[in-house]
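Architecture and fold: a report
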2 protein chains.
Amino acid sequence: KFALFSVLTLLSFHAVFSFTPLHTQHPLDPITKEEFLAVQTIVQNKYPISNNKLAFHYIGVDDPEKDLVLKYETSPTLISIPRKIFVVAIINSQTHEILIDLTIKSIVSDNIHNGYGFPVLSAAEQFLAIDLPLKYPPFIASVNKRGLNISEIVCSSFTMGWFGEEKNSRTVRVDCFMKESTVNIYVRPITGITIVADLDLMKIVEYHDRDTEAVPTAENTEYQVSKQSPPFGPKQHSLTSHQPQGPGFQINGTSVSWANWKFHIGFDVRAGIVISLASIYDLEKHKSRRVLYKGYISELFVPYQDPTEEFYFKTFFDSGEFGFGLSTVSLIPNRDCPPHAQFIDTYIHSADGTPIFLENAICVFEQYGNIMWRHTETGIPNESIEESRTEVDLAIRTVVTVGNYDNVLDWEFKTSGWMKPSIALSGILEIKGTNIKHKDEIKEEIHGKLVSANSIGIYHDHFYIYYLDFDIDGTQNSFEKTSLKTVRIVDGGSKRKSYWTTETQTAKTESDAKITIGLAPAELVVVNPNIKTAVGNEVGYRLIPAIPAHPLLTEDDYPQIRGAFTNYNVWVTPYNRTEKWAGGLYVDHSRGDDTLAVWTKKNREIVNKDIVMWHVVGIHHVPAQEDFPIMPLLSTSFELRPTNFFERNPVLKTLPPRDFTWPGCSN
Amino acid sequence: KFALFSVLTLLSFHAVFSFTPLHTQHPLDPITKEEFLAVQTIVQNKYPISNNKLAFHYIGVDDPEKDLVLKYETSPTLISIPRKIFVVAIINSQTHEILIDLTIKSIVSDNIHNGYGFPVLSAAEQFLAIDLPLKYPPFIASVNKRGLNISEIVCSSFTMGWFGEEKNSRTVRVDCFMKESTVNIYVRPITGITIVADLDLMKIVEYHDRDTEAVPTAENTEYQVSKQSPPFGPKQHSLTSHQPQGPGFQINGTSVSWANWKFHIGFDVRAGIVISLASIYDLEKHKSRRVLYKGYISELFVPYQDPTEEFYFKTFFDSGEFGFGLSTVSLIPNRDCPPHAQFIDTYIHSADGTPIFLENAICVFEQYGNIMWRHTETGIPNESIEESRTEVDLAIRTVVTVGNYDNVLDWEFKTSGWMKPSIALSGILEIKGTNIKHKDEIKEEIHGKLVSANSIGIYHDHFYIYYLDFDIDGTQNSFEKTSLKTVRIVDGGSKRKSYWTTETQTAKTESDAKITIGLAPAELVVVNPNIKTAVGNEVGYRLIPAIPAHPLLTEDDYPQIRGAFTNYNVWVTPYNRTEKWAGGLYVDHSRGDDTLAVWTKKNREIVNKDIVMWHVVGIHHVPAQEDFPIMPLLSTSFELRPTNFFERNPVLKTLPPRDFTWPGCSN
Ligand SMILES: [Cu+2]
Ligand SMILES: [Cu+2]
């Protein structure tokens with residue numbers, strides 16, 4: 001049956017599509033429109049939609065073997081890498097894992113997932129689910145009881161997690177909001193109603209009208225400029241940039257070269273943007289040197305801290321449950337990115353497998369970035385020395401909007417060798433309605449802060465985990481922790497009583513590399529122990545973290561079991577092609593049996609191996625009134641800095657860019 | 001005698017100078033050229049230089065009473081504040097504290113400091129001291145022994161700290177360097193020679209030639225572009241900014257207004273830049289609201305971690321020993337600041353009291369600063385909503401170069417109410433010469449990292465302490481710590497087993513407010529307990545710290561006793577006009593008896609009082625080869641963010657700035 005299907009697919013496929021890529025496809029390129037259509041056809045041919053219920057929950061490039069990709073990088077014409085696509089589809093209520101080889105246009109394997117957890121939700125099923133209450137008589141009765149107008153109500157779906165239930169079905173909670181007089185629906189929740197919808201049955205399976213708290217008013221909640229009235233302010237003056245020599249970067253397909261950097265921009269419906277094959281040109285060694293094979297956000301865990309019926313389940317995994325790629329929004333030129341930015345479009349897919357064009361998914365731009373290095377020397381008689389280099393750095397930006405929250409995700413590159421991934425949060429708080437209008441009325445725990453009358457901003461965390469597959473000068477790397485330790489001087493050999501020194505330990509196994517940042521001062525470095533500088537230092541890249549956040553839930557709590565990858569800020573694993581998602585492949589209703597915390601229990605060796613560093617950055621969010629009705633950016637970032645990677649400062653001999661002034665007509 | 005002197009001064013003064021200020025002088029304005037000259041004359045009249053040895057070590061504005069300044073802010077014409085100048089001068093080897101009232105042109109008081117410690121060193125005496133070895137026969141012999149050329153040697157002076165000695169004189173260590181073939185003198189130290197010079201005697205009082213280690217070569221150490229040879233790179237393209245509507249800020253004298261902010265820029269020869277009277281316009285309350293009375297870096301402690309004779313004493317206090325203002329360098333247009341920056345000049349003074357013009361001491365510029373806030377709403381049927389506001393923020397920059405290190409000190413202001421002070425380090429590492437050329441040759445502790453052949457970059461820390469006198473909506477403020485605490489659910493009332501909540505405590509006394517950041521998650525907020533928002537929250541500003549650094553020296557070690565203000569990351573004190581310098585007024589050879597750690601032992605009350613927050617930000621520096629021969633910027637910063645200060649997001653109704661494109665001729 002399988003062979004026959006392949007042949008059929010092959011035929012039908014060729015009849016319909018022709019590939020005309022604008023550039024040679026790179027093995028890590030995102031899936032094209034034509035490829036999505038091919039996948040759709042291949043799967044539909046096996047499971048005709050006339051007699052199968054078929055929904056695509058994930059379509060992604062099946063990672064090619066790393067050694068093949070590396071060979072391709074050296075000799076792109078000498079190697080052909082099969083283009084394989086990994087599909088997770090729910091077919092007749094069963095979760096299928098389908099591997100397709102697009103080169104031969106056929107299904108390579110088709111397995112059914114029988115474990116816990118469900119795939120990324122599709123937009124289509126959520127759109128159907130959020131419409132259910134509006135036609136559900138008990139809900140209409142509840143709405144009437146509250147004196148609200150059903151035509152002014154919009155609902156939204158929320159994943160439910162897992163709280164020890166023996167059996168799970170693909171259910172979501174549906175919460176409803178007033179859209180009357182504002183588009184800021186999240187700040188006008190209708191509180192006190194529990195609605196559970198089953199996505200497979202597509203019906204409401206649980207309904208309770210518990211109590212009635214006030215719906216916050218729409219006053220001062222509108223954020224659309226077109227709906228606001230004066231006074232406006234504060235006033236900002238325009239600041240436009242110009243690059244008289246043109247941009248310093250070139251985008252060829254999805255490969256970017258800029259100054260001394262080259263890297264590839266991928267895109268995945270689950271991970272969103274993926275930076276890969278980042279290498280930097282070493283002026284002194286006259287060669288490009290490999291740094292990062294792949295980097296992306298593997299998961300985002302957002303547990304709310306209200307255990308009541310209204311909020312207890314809100315322990316979201318935004319990547320695994322909703323898809324960072326599926327939730328990526330079109331960037332607004334001149335607003336989300338500066339006027340001189342260039343944009344990259346991409347495709348995502350719908351539940352029926354149809355490609356969806358996502359315009360301006362990514363922007364790339366240069367920005368003025370402080371001073372690169374400087375010195376004024378006044379200590380040499382009769383010499384006056386002042387040298388300073390301006391820094392222009394490169395930023396890659398996407399915005400992932402999962403319901404209320406907007407995640408502004410940047411990767412910055414600097415010519416000095418730094419990479420700086422950063423996260424900034426904006427969008428709307430999740431608000432719980434309350435009858436309380438003033439802090440003095442609070443008599444018991446409200447699990448958040450009063451951010452406006454009748455509006456509680458519930459406490460929550462944002463934990464992002466980055467997958468950082470370093471390949472520093474090759475795949476064989478190690479992870480070193482250099483601790484700073486106080487030494488007390490006892491022999492009286494110095495006028496000092498103490499000093500600090502360093503002690504470097506190579507992490508032998510995964511257990512050695514589980515790091516809680518902040519407990520003790522240490523430098524965390526990925527090195528290549530096989531390559532040394534002229535003076536004998538191992539070449540490496542160092543993690544410079546932001547102020548860390550640690551989980552505050554108890555380890556035995558269900559959400560924390562599912563989000564156990566937050567137990568440490570740094571983890572290191574041996575590279576494994578299948579270990580991509582720190583919270584597991586199937587995160588909706590997951591039970592925590594496929595997380596980074598579980599994989600690392602094997603305590604594998606990580607010395608001089610192809611290793612992956614995982615880094616958790618987090619924010620504990622105690623809402624404030626300034627976060628309401630829309631949040632000014634709250635950001636965090638970390639830096640990956642070359643440490644004894646170069647023989648010396650790699651930008652020592654960079655020239656200042658030419659000075660230009662705002663031109664007259666005859667420039 | 002005193003009265004007579006006053007009259008004489010008055011007469012002579014009027015004969016020589018006329019004040020023609022370009023704008024009305026603000027009570028917090030830096031000392032003008034004319035004022036420096038007046039001070040010089042007044043003091044020289046009392047202590048004629050014909051028969052007195054007189055050197056000015058500090059000349060600063062004596063802080064006017066805060067309530068007078070605040071009255072002046074409201075009604076500048078109704079109040080006249082005496083212009084008082086505080087002078088520290090060494091006169092005939094005694095340290096004088098002289099208070100001058102420039103309004104009446106006379107000395108108000110003249111006291112002799114008899115305690116421990118000496119004032120900020122003057123440049124003049126250091127220039128004399130570093131010349132001493134070059135004419136000192138034993139040194140010349142040592143140079144000859146090493147086969148070096150005395151005409152290619154330049155020396156530099158280093159403060160010596162205090163290591164339990166009973167008696168101190170004003171000594172400095174003088175270390176010498178090769179300037180042959182490079183201006184990068186700090187990377188070519190002549191190791192193994194101890195030279196101690198007495199600044200009062202101005203002679204070498206101690207000399208040892210201990211041992212001979214190699215002087216590192218000049219190869220690859222030159223950073224001047226004019227002295228470098230190809231290949232140059234990496235190549236950067238120009239990025240210029242244009243503000244078609246002009247800058248969004250206005251500088252009137254030293255008062256700056258920008259968007260919703262107003263503040264004053266002061267300058268002090270010890271503190272460097274001082275931001276004061278920062279207030280923000282509240283669009284909703286239709287008034288300007290006070291935030292920060294004064295903010296500046298009170299001290300910088302840089303202890304090196306090598307206890308050997310060569311380095312043990314290197315435990316510098318760059319502000320108290322060398323003066324941040326005296327060490328401020330002229331900014332290089334288009335390099336240190338972007339092309340559209342505006343510059344502010346100022347005056348410092350020489351040891352003889354003569355004003356020195358410091359061109360481009362400060363720059364002020366707007367910069368593109370990520371997104372201000374955004375949201376894309378896809379959850380409302382038939383509506384397509386995307387709103388995003390570009391953020392332009394304001395930066396104020398100075399660069400303080402103390403010998404080898406350049407400190408890039410920024411204050412950023414955002415329309416959303418944030419202030420973001422940041423520090424970035426560049427310049428040259430302190431290098432210790434060694435015969436070691438390769439890591440394999442290291443047999444014992446070298447107290448640093450081999451950053452090049454024969455060159456050890458010694459371990460050290462940089463601890464900056466900010467003085468932050470918040471006056472949030474008035475002077476009466478409190479300091480609150482909101483701890484995040486895990487709650488285990490035991491009653492089975494929820495499917496959750498845990499959550500976190502917050503517990504807010506007001507610091508009653510100074511002891512309550514000594515905070516080591518990172519031990520436990522907490523929000524640190526300065527509030528005005530007398531002013532509440534409509535829903536009852538206290539208005540406040542929150543500290544969002546960077547990853548903290550804690551001291552690693554033992555508490556009983558002499559440098560740590562002197563730098564005990566680093567024992568905590570946050571301190572809060574009641575406002576006291578004399579408590580300005582966290583390491584003491586006299587820091588050279590100080591004994592730690594006048595530090596923030598000592599003042600706070602009084603454990604004064606700080607509830608609903610005029611309070612000052614002190615914040616220590618630090619970097620432990622393990623040098624790497626990339627830091628050599630000149631360091632790419634290493635930075636840290638913290639944020640001060642309004643927290644329930646505004647009723648809601650204060651930039652909700654900001655309009656996007658007008659879009660402009662690079663103009664043709666007829667724009
Ligand atoms: Cu949040
Ligand atoms: Cu340093």
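Residues numbered from 1 in each chain as written. Chains lettered and ligands numbered in written order. Predicted model: local features only at pLDDT ≥ 70, side-chain atom pairs only at ≥ 80, totals over all residues. Heavy atoms only, no water.

As annotated in UniProt, chain A carries the name Primary amine oxidase and comes from Lens culinaris. Looking at chain A in UniProt, the text filed under Catalytic activity is "a primary methyl amine + O2 + H2O = an aldehyde + H2O2 + NH4(+)". Under Sequence similarities, UniProt gives the following word-for-word description of chain A: "Belongs to the copper/topaquinone oxidase family." (UniProt positions renumbered as here; feature names shortened; annotations may be inferred.)

1. What to know about the relation of the copies chain B and chain A
Note that the two copies of the chain are related through a rotation about an axis and a translation along the same axis. By a simple turn and slide, chain B fits onto chain A: the slide is 0.0 Å along the axis, the RMSD is 0.0 Å, and the turn is 180 degrees. A rotation of that kind, with that shift, is consistent with a two-fold axis. A share of 100% of the interface residues of chain B reappears at the interface of chain A, consistent with the copies meeting face to face through the same patch. (Least-squares fit on C-alpha atoms with pLDDT ≥ 70 in both. Contact = heavy atoms within 4.5 Å.)

2. Concerning the coordination of the copper ion (ligand 1)
Residues and elements named next belong to chain A. For the copper ion (ligand 1), the full set of protein donor atoms is Tyr405 (OH), His460 (NE2), His462 (NE2) and His621 (ND1), at a range of 2.0 Å. What the 4 donor atoms of the copper ion (ligand 1) show is an angle range of 94 to 136 degrees at the metal, which sorts the shape as irregular. We note that the donor set of the copper ion (ligand 1) lies within a single chain, spaced as Y-x54-H-x1-H-x158-H. With His462 in strand E24 (residues 460-470) and His621 in strand E30 (residues 609-621), the pair connects residues that are 159 residues apart, well separated along the chain. Residue His462 shares its accessibility class with His621, and that shared class is buried. (Donors = N, O, S within 2.8 Å, 3.2 Å for Na, K, Ca; no water. Tetrahedral: all angles 85-135°; square planar, octahedral: opposite > 155°, others 65-115°. Helix = DSSP H or I, 4+ residues; strand = E, 2+ residues; numbered from the N terminus. Buried < 20%, exposed > 50% of the residue type's maximum accessible area, 1.4 Å probe, protein only.)

3. Observations concerning the UniProt feature "binding site: Mn(2+)" in chain A
Residue and element names in this part refer to chain A. UniProt tags Asp469, Phe470, Asp471, Asp610 and Ile611 as "binding site: Mn(2+)". Spanning 143 residues, the named residues nonetheless gather at one spot, since no C-alpha pair among them exceeds 8.3 Å. Following the sequence through the fold, Asp469 ends up in strand E24. Accessibility expressed as a relative area gives 0% for Asp469, which makes it buried. Discounting residues that sit within four places of it in the chain, Asp469 has contacts with Lys66, Leu292, Tyr293, Lys294, Tyr575, Asp610, Ile611 and Val612. One polar contact links Asp469 to Lys66, side chain to side chain, over a distance of 2.8 Å. (Polar contact = N/O pair within 3.5 Å; in protein donor to acceptor, adjacent residues only side chain to side chain.)

4. A look at the coordination of the copper ion (ligand 2)
Bound to the copper ion (ligand 2) are the protein donor atoms Tyr405 of chain B (OH), His460 of chain B (NE2), His462 of chain B (NE2) and His621 of chain B (ND1), situated 2.0 Å from the metal. Here the copper ion (ligand 2) is ringed by 4 donor atoms whose angles at the metal span 94 to 136 degrees, and the overall shape comes out irregular.

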